[in-house]
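# Commentary on secondary and tertiary structure
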Amino acid sequence: TTSSLHVIDLFGFESNESNAMEQLCINWSEECLQEHFITSMFSSVLEDCCKEGIESLVEPNVFDPAPCIELIGNEHDGMLQLVNKETLSPRVQSQDICVRLRDKFKAHPSYSGVKGSASTFTIQHFAGEVVYDVYSLLNANADTIADDVVALFNEKDCKFGFAVHLFSHELNRDRTGSHDYVGLPQGQMCRITPIRYIYGQTELKNQTTFVQDFQASLQHVLSTLPVSKSHFIRCIQTSPTHTAPAQFDRSHVSQQISNLVILETVDMLSNNYCYRYTFDDFLRRYQSLRLKQDDHGLVRAVDRCKAIMEEVQEQSSLTDPMEDDCWMVGVNKIFLTQEAYGQLEMAHSMLRRSAAVKLQSHMRRHLVMKRWPQLKLSLQQRTATPPHPHTPAQLHNGETLPGSRNYTIVGNMKVGFPQWRMMKNSYPGNSHLLIIVL
């Protein structure tokens, strides 16, 4: 299998003085990703606790984005679906779509009209209310460009080769069309490279909209999230205005923290059972922590998991006592808080470090024992005293001349070379001269 890393850089929630189709799609994608975040951090934990018969330690109160997502992006009768139908219909005005939106969604809890305005409506997002203007919804959703602009990028005449590929699909379609495109405008409106074509869906409709392409792109992203391990980075804007980014607006920052449920997330991660393992997965990772090897009577995996946790809890009582409700055993899983998970990981890390030191010591001993015969011989040769080249001479009276020294005294200094002695004496009974050189 191959592993891949995906980085999703979000648009960021937008609420401007004038909000149109672009802001509606951006905020809808934020709602979808916020729902994925809440499902990953809150809903999955609470559902597992309820399913396993465990009482959750934390009951978070967070905004549910599901109604707003259904209002905007429902495949059958959502707001974007209605805009698509009206965009593809001929002779439809912006006023007509505003009336139809109000008639269809006036009872929805996330939708509300604006008094005194016939072309605006309000949607309650997780980050607050946003007022949208429907005046340019149809034109923005059509997302067309005049074919005379496309004709400028004809390969025969265009000198900007780097930009031709942007319109290659449209140019190729027009060349093979019934009107025999010869590089001249035909008075038509073109849609530029739909997203569904990029993602491999080669069966294109004759006409698509900006919303349809955006939905295809967003669906492609959302389909990969449930089968991956997600990590989230929350960005906080310090000031509501871009002209003064160095200023710190406390109310603006507090509102963002509340909208992004950061405090609730921290509370959930620190105080609730946010770590869940099946019994087999738990034993596969922490079985080595069971130091008391008396598991003959512990046949069930749940009993062995309990024995490991009790032993770790007993060991931690000497340094950092673990609370009794830091871990719970359900029907098929064991639930751990951040404190219990930290104690387990610390014990597991210490055991691995100890095992690594023991392996290293045995390996080093093996290498030394392998080299020991040669090393022993080298040490013996190094410590053995070599025989002196000159044997001390024995005098006739039984005395021995002192051996030579490995230095010579010159003045008051010792010079590091051997001293050679020459003695010349005559002895009684000998008629010859005895010369001894040391």
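Below, the structure is looked at part by part. Fair warning: this is a prediction, and the values are worked out from it, not measured in the lab.

A few words now on the layout of surface pockets. Estimates place the volume of the largest pocket at around 1,600 Å³. Sort the elements by how many residues they give to the lining of the largest pocket and helix 1 (residues 21–52) lands first, with 5 residues. Of the residues assigned to the lining of the largest pocket, the class counts are 16 nonpolar, 19 polar and 5 charged. One number sums up the size of the second largest pocket: a volume of about 660 Å³. Forming the boundary of the second largest pocket are 18 residues, of which S40, M41, K229, S230 and C274 lie nearest the centre. Where the lining of the second largest pocket is concerned, the elements lending two or more residues are helix 1 and strand 6 (275–278). If you tally residues by element for the lining of the second largest pocket, the top one is helix 1, at 6 residues. Grouping the amino acids of the lining of the second largest pocket by side-chain chemistry returns 9 nonpolar, 7 polar and 2 charged.

Bringing the packing of aromatic side chains into the picture now. Scanning the model with the defined rule gives 12 aromatic pairs in all. The rings of F105, Y111, F121 and Y132 are connected pair by pair, giving a single aromatic cluster. Between R234 and the ring centre of F37, over which it is positioned, the NZ or CZ distance is 4.2 Å.

Moving on, we get to a nonpolar patch on the surface. On the surface, a nonpolar cluster with roughly 350 Å² of combined accessible area is contributed by M369, W372, L375 and L379. Relative to the elements of secondary structure, L375 occurs in helix 15 (residues 338–383). Take L375: its relative accessible area is 34%, and that puts it in the partly exposed class.

A few words now on the side chain of S29. Residue placement: S29 occurs in helix 1. With residues up to four places along the chain from it excluded, the contact list for S29 reads F11, F214 and L218.

Let's shift gears to unusual backbone geometry. Positive phi, normally seen in glycine, also occurs at V261, with a value near 45°. Among the structural elements, V261 can be located in the loop between helix 11 (250–259) and helix 12 (262–271).

Quick look at the nonpolar core now. M21, L24, W28, M79, L101, F121 and I123 are the most contacted members of the largest nonpolar core, which has 28 residues in total. In terms of residue count, helix 1 provides more of this core than any other element does, 5 residues in total. Core analysis: the second largest hydrophobic core is formed by 20 residues, M309, M322, C326 and A340 among them.

Once that is clear, we can look at the packing of helix 1 against helix 3 (residues 79–88). At a minimum axis separation of 12 Å, helix 1 and helix 3 run at an interaxial angle of 145°. The interaxial crossing formed by helix 1 with helix 3 has left-handed handedness. Judged by residue contacts, M21, L24 and W28 of helix 1 engage M79, L80 and V83 from helix 3.

Before going further, it helps to examine the sheet that holds strand 2 (residues 120–125). By way of backbone hydrogen bonds, the strands of a sheet pair with one another, either parallel or antiparallel. Ordered by their spatial adjacency, 3 strands build an open sheet running 1-2-3, and the pairing between neighbours is antiparallel. Every other strand in the sheet has two partners, leaving strand 1 (111–113) and strand 3 (128–133) as the edge strands with one partner each. Here the strands of the sheet are splayed against their neighbours by 30° on average, with no regard to which way each runs. Two strands pair when backbone bridges link them, and strand 1 and strand 2 are joined in this way by 3 bridges, in the antiparallel orientation. In the strand pairing of strand 2, Y111 is matched with I123. Where helix 2 (residues 66–73) meets the sheet, its contacts fall on strand 1 and strand 2, and the angle it forms with strand 2 comes to roughly 145°.

Definitions and limits used
Residues numbered from 1 in each chain as written. Predicted model: local features only at pLDDT ≥ 70, side-chain atom pairs only at ≥ 80, totals over all residues. Heavy atoms only, no water. 1 Å grid on protein atoms, 1.4 Å probe; cavity = no way out; pocket = protein on both sides within 12 Å on 5 of 7 lines; lining within 4 Å. Points joined across faces, edges and corners; volume = space filled by probe spheres on them. Helix = DSSP H or I, 4+ residues; strand = E, 2+ residues; numbered from the N terminus. Nonpolar A, V, L, I, M, F, W, Y, C, P; charged D, E, K, R; others polar. Phe/Tyr/Trp six-rings, centres within 6.5 Å; stacked < 30°, edge-to-face > 60°. Lys NZ or Arg CZ within 6 Å of the ring centre and 35° of its normal. Patch = residues over 30% accessible without salt bridge, like charges linked within 9 Å, V, L, I, M, F, W, Y side chains within 5 Å. Areas by Shrake-Rupley, 256 points an atom, 1.4 Å probe, with all protein chains shown as cover. Salt bridge = Lys/Arg side-chain N within 4 Å of Asp/Glu carboxyl O. Buried < 20%, exposed > 50% of the residue type's maximum accessible area, 1.4 Å probe, protein only. Contact = heavy atoms within 4.5 Å. Core = buried A, V, L, I, M, F, W, Y, C linked by side-chain atoms within 4.5 Å. Axes fitted to C-alpha atoms, helices over the stretch in contact; angles between N-to-C directions. Left-handed = near helix turned anticlockwise from the far one by under 90°. Pairing = 2+ DSSP bridges.

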